[in-house]
Amino acid sequence: MMQRQVQKAIDFARKAHRGQMRKTGDPYLSHCIHTGRILAGLVPSSGKRAVETIVAGILHDVVDDTNQSLHDIEEEFGDDVAELVASVSRLSYINQLLRRHRRVSVNQGVLGQEEASNLRVMLLGMIDDPRVVLIKLADRLHNMRTIYALPLHKAQAVAQETLIIWCSLASRLGLWALKAELEDLCFAVLQPQIFQNMRADLASMWSPLAKTGSPRRLYVKGNLIPLDEKSSTSFYNKSLTFNEGVCSMKDLLEAVVPFDVLLDRRKRANFLHSIANNLEPCTKPKVVQDAGLALASLVICEEAIERELVISASYVPGMEVTLSSRLKSVYSIYSKMKRKDISIDKVYDARALRVVVGDKNGALHGPAVQCCYNLLDIVHRLWTPIDGEFDDYILNPKPSGYQSLHTAVEGPDNSPLEVQIRTQRMHEYAEHGLAAHWLYKETANPFSSIDGMDTPETEASSYFSKDREEENSSDILLSKYKSLKPGHPVLRVEGSHLLAAVIIGVENEETELLVAVSFGLAASEAVADRRSFFQNKRWEAYARLYKKVSDEWWFEQGHGDWCTCLEKYTLCRDGMYHKQDQFGRLLPTFVQVINFTEQEESEYWDVVSAVFEGKQVDCIASQSKFDLVPATSVDATINNKVRLLRTMLSWEEQLRSEVSISQIKHDAKFDGPPGPLNLGEVVVICWPNGEIMRLKAGSSAVDAAQRTGLEGRLVLINGHLVLPNTKLKDGDVLEVKI
C-alpha cells in the first residue's frame with residue numbers, strides 16, 4: 001500500500017515539476033524524492049498517517065511551484081494529504097514573508113533572539129498537526145545539504161535562520177538526530193574554519209594511532225572565537241569567506257554525517273565503506289575522511305562493549321540488552337567549549353553509548369536495575385573511569401523523575417566516552433514521560449539564549465547529551481557530602497547485589513564512613529522505583545537497621561552478626577565511597593548516598609524518631625517528591641503556555657497591520673492560494689495536553705468540548721467552572737474534566 005501511494009506521488013510530482021531544475025543542476029524532482037526519503041526515516045514503516053506524511057512530503061512544493069492546485073491533490077490523494085500540503089505551503093509563505101520583512105525593515109535581516117523565540121511560537125501555533133513541522137524540517141534538511149549552490153551571503157542567512165528556528169522546532173518534536181545534523185550543516189556554513197579544525201581534532205583524538213601514544217593535536221580553547229564580545233565579532237553576524245585554508249562548502253557539508261547513518265547500522269557500514277573505497281586515490285577531502293574516522297571510532301567502541309557483554313557471564317541471564325550510540329554534533333561541542341571555557345578533550349560526552357536493559361514491560365524491573373549496576377561494573381572493568389564523572393540518577397533521580405546511570409570512561413583510544421545505562425521502563429519514561437525534553441523545556445524559560453535552549457538538563461535523556469561540571473578537586477567532592485551524619489541511608493553496590501545500608505559513623509571530615517550493611521535487606525526494588533507511595537516503609541527498614549546497630553553497641557569495622565556487618569568506606573577521586581578491607585586495600589564495592597529533598601529528609605528523620613521511641617510509623621504522613629512534581633510542573637507549564645500564546649497572538653496582530661492581509665473566511669478550505677492567517681477565529685489552550693486549539697470566532701465552551709471529543713463533560717475556563725454556552729476569548733486556558 002505504502003509503495004503504491006509513494007510511487008503514485010512521485011509520478012504526480014514528476015509531471016508537475018517537469019523541466020524544472022534546482023540550482024545544483026539536478027532535476028527538481030530529486031528534492032521531492034529526498035524529502036520523502038528523509039521522512040521515511042522519521043515515521044513508522046506502515047500506517048495511514050505515515051503514508052500520508054511521506055506522500056505530502058513528496059508533493060510539498062507542487063502547489064507553490066507548479067500549475068497543479070490543491071484541488072488536484074485532493075482528488076488524487078484525499079483530503080488529509082491536501083490539508084498537509086496546504087499547511088506546509090502556508091508555513092513556507094509566512095516564513096518567507098517574515099524573512100522579507102526582516103530584510104527590508106529590521107536590521108538588514110539579522111534575526112535577534114527575542115524575535116526568533118516569537119517566530120518559533122507563531123509557527124508552532126499556526127499548525128494543528130505536528131506532521132506539518134516534520135515535513136518542513138525534512139524539506140529544510142535537504143535544502144541545507146545542498147545549500148552550497150547558493151551565494152555565500154544567502155547561504156549564511158538561511159543557515160542562521162535554520163540554526164535558531166528550525167533546530168529548536170526539531171528538538172520540540174524529539175528529533176534529536178535530525179537536529180544534530182541540521183546544527184552541523186549550519187555550523188559548517190557559518191564557521192567553516194572552526195568546523196574543519198574541530199573535525200580534524202576529533203579525528204586525531206579518536207584515531208587508533210592515539211593508542212600508541214602518538215602526538216595529538218588538540219583544539220584548545222585559545223583557538224576559539226574570543227569569548228569577549230567587545231573584542232570580537234558576534235558569532236552569528238560575522239562575515240566569513242572560504243579562504244585557501246578551508247575546504248569548499250560542498251566538501252564541508254559532505255563531512256556532516258547524515259542522521260539516518262547514525263541510527264541505522266547498515267547505512268553506517270555503507271557510509272564507512274564508501275569513504276574507505278576512496279581513500280587510496282584521495283578522492284575524498286580530508287575533512288570527509290575525518291568524519292569517517294569519528295564514525296569508525298564509535299563502531300569500535302560499540303563492538304568492544306558488545307564483545308564484553310557476550311563473554312561476560314556476570315550480568316543477569318535472560319535480560320535483553322540493546323545498544324545504541326551517537327556522536328555529539330560539532331556545533332554542540334563548540335557551544336559547550338565556549339560556554340564552559342574548556343578544551344575539546346574535556347567534552348566527555350562528545351561520543352556516547354547507551355545500554356538499555358529490557359524489563360518485560362516493568363515485570364522484571366527490580367532484576368533489570370540490578371543488571372544495570374552489573375553492566376556498570378563491566379564497563380568500568382573494560383575501560384578506566386574518568387575521575388568524578390559518575391552519576392547515579394537511578395538511586396537519586398533528577399527532579400523531573402529522570403533515572404539512569406551515567407559514567408565517563410577512557411575509551412579504547414584513550415579518549416573520553418560517555419556510557420548511559422538504564423532499564424526499558426526508565427528509557428520510556430525519559431523519552432515520553434514527565435522527563436521528556438519538550439515538557440521540561442516548557443517548564444523552563446522559553447525565551448532563553450540558544451546555548452541555554454539547546455542544552456537543557458534533560459537532554460541527557462534525549463539523545464545522550466549531558467553537561468558536566470568538573471568535580472575532580474577534593475573540596476568539590478567533599479561539598480557533596482558535607483551534611484552526612486549517622487543514620488543517613490545509603491545503597492551498597494557490589495556487582496548486581498544492591499543492599500540497604502546506613503551510616504554509623506563519619507570520620508576524617510567526611511572522607512571515611514563506617515556503614516552498617518544488611519545482607520538480608522535487598523534494595524533492588526526500592527532503587528527501581530523511588531516513586532512508590534510506600535516510601536515510609538523503606539525509611540522504616542533503614543531506621544530499624546540503624547536502631548539494631550545502636551542497641552547492640554556495634555561501633556568498629558567487622559562488628560555484626562550473620563545478616564549485618566559494619567564496613568569501612570573511603571572517599572576516592574572518582575567521587576564514590578569505596579570499601580576498605582582490614583588490610584587497607586580499596587575494593588570495587590562502593591556505597592551511594594541517598595540524596596534527600598527537604599520533604600524527604602523531614603519524613604525520614606520523623607520515621608527514625610518514631611522507631612527509636614517505639615511509636616507507630618503508619619501515622620506519619622508521606623508525600624514523595626514525585627507526587628509533588630506533576631502539579632508544580634503543570635502549573636508552570638500552564639503559565640508558560642499562556643505566555644507563549646499571548647506572544648503568538650501579539651505577533652499575528654502586528655503581522656496583520658504591517659502587511660494588510662485581508663480577512664480569510666474560515667470555510668474556504670481549498671479555494672484559492674493558502675492564506676497565512678485566519679482572522680475569524682479564537683485561539684485557546686486546551687489542558688492538560690497543552691494543545692493550542694483554533695476555533696471559529698464566537699465559539700463557546702461546549703464547542704471546545706465537542707472538538708476534543710468530550711461533549712457533555714464539565715468545562716473550566718481559566719480555572720473556573722463555566723456554563724456550556726460561555727464564549728471563549730483569545731488566550732483562555734480551557735480544561736475539560738474527564
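If you're wondering where the values come from, they're calculated on a predicted model, not measured in any experiment.

As a further point, take the pairing of strand S4 (residues 405-410). In terms of burial, S4 is a largely internal element, five of the six residues being buried. Where strand S3 (residues 384-392) and S4 come together, five bridges link them in antiparallel fashion. Across the sheet, Thr384 pairs through a bridge with Glu410, a residue of S4. In this sheet, strand S5 (residues 416-423) lies alongside S4 in antiparallel orientation, the contact comprising six bridges. Each bridged residue has a counterpart across the sheet, and for Leu405 the counterpart in S5 is Ile421. Counting the residues between successive antiparallel strands, the hairpin from S4 to S5 contains five residues, one of them, Asn414, with a positive phi of roughly 65°.

Turning our attention to unusual backbone geometry. Positive phi, normally seen in glycine, also occurs at Asn414, with a value near 65°. One can find Asn414 in the loop between S4 and S5. Relative accessible area serves as the criterion here: at 42%, Asn414 is assigned to the partly exposed category. One non-glycine residue, Trp553, lies in the positive phi region at around 60°. The topology assignment puts Trp553 in the loop between helix H23 (535-552) and strand S9 (564-571). Residue Trp553 is classed as exposed on the basis of its relative accessible area, which comes to 67%.

Considering all chains together, one arrives at 26 salt bridges under this definition. Residue Lys267 pairs with Asp260 through a salt bridge whose shortest N-O separation is 3.2 Å. Among the residues examined, Lys267 registers a relative accessible area of 36% and is labelled partly exposed. In this structure Asp260 comes out as partly exposed when scored by relative accessible area, which is 22%. Here Asp349 ties to Lys336 by a salt bridge, and the two come within 3.1 Å at their closest N and O atoms. Taken together, the positions of Asp349 in the loop between helix H16 (330-340) and strand S2 (351-357) and Lys336 in helix H16 put the pair 13 residues apart, joining distant regions of the chain. An identical accessibility class is assigned to Asp349 and Lys336; each is buried. Residues joined by salt bridges that share partners form a network here, namely Lys48, Glu52, Asp80 and Arg131.

Rules used throughout
- Residues numbered from 1 in each chain as written.
- Predicted model: local features only at pLDDT ≥ 70, side-chain atom pairs only at ≥ 80, totals over all residues.
- Heavy atoms only, no water.
- Buried < 20%, exposed > 50% of the residue type's maximum accessible area, 1.4 Å probe, protein only.
- Helix = DSSP H or I, 4+ residues; strand = E, 2+ residues; numbered from the N terminus.
- Pairing = 2+ DSSP bridges.
- Salt bridge = Lys/Arg side-chain N within 4 Å of Asp/Glu carboxyl O.

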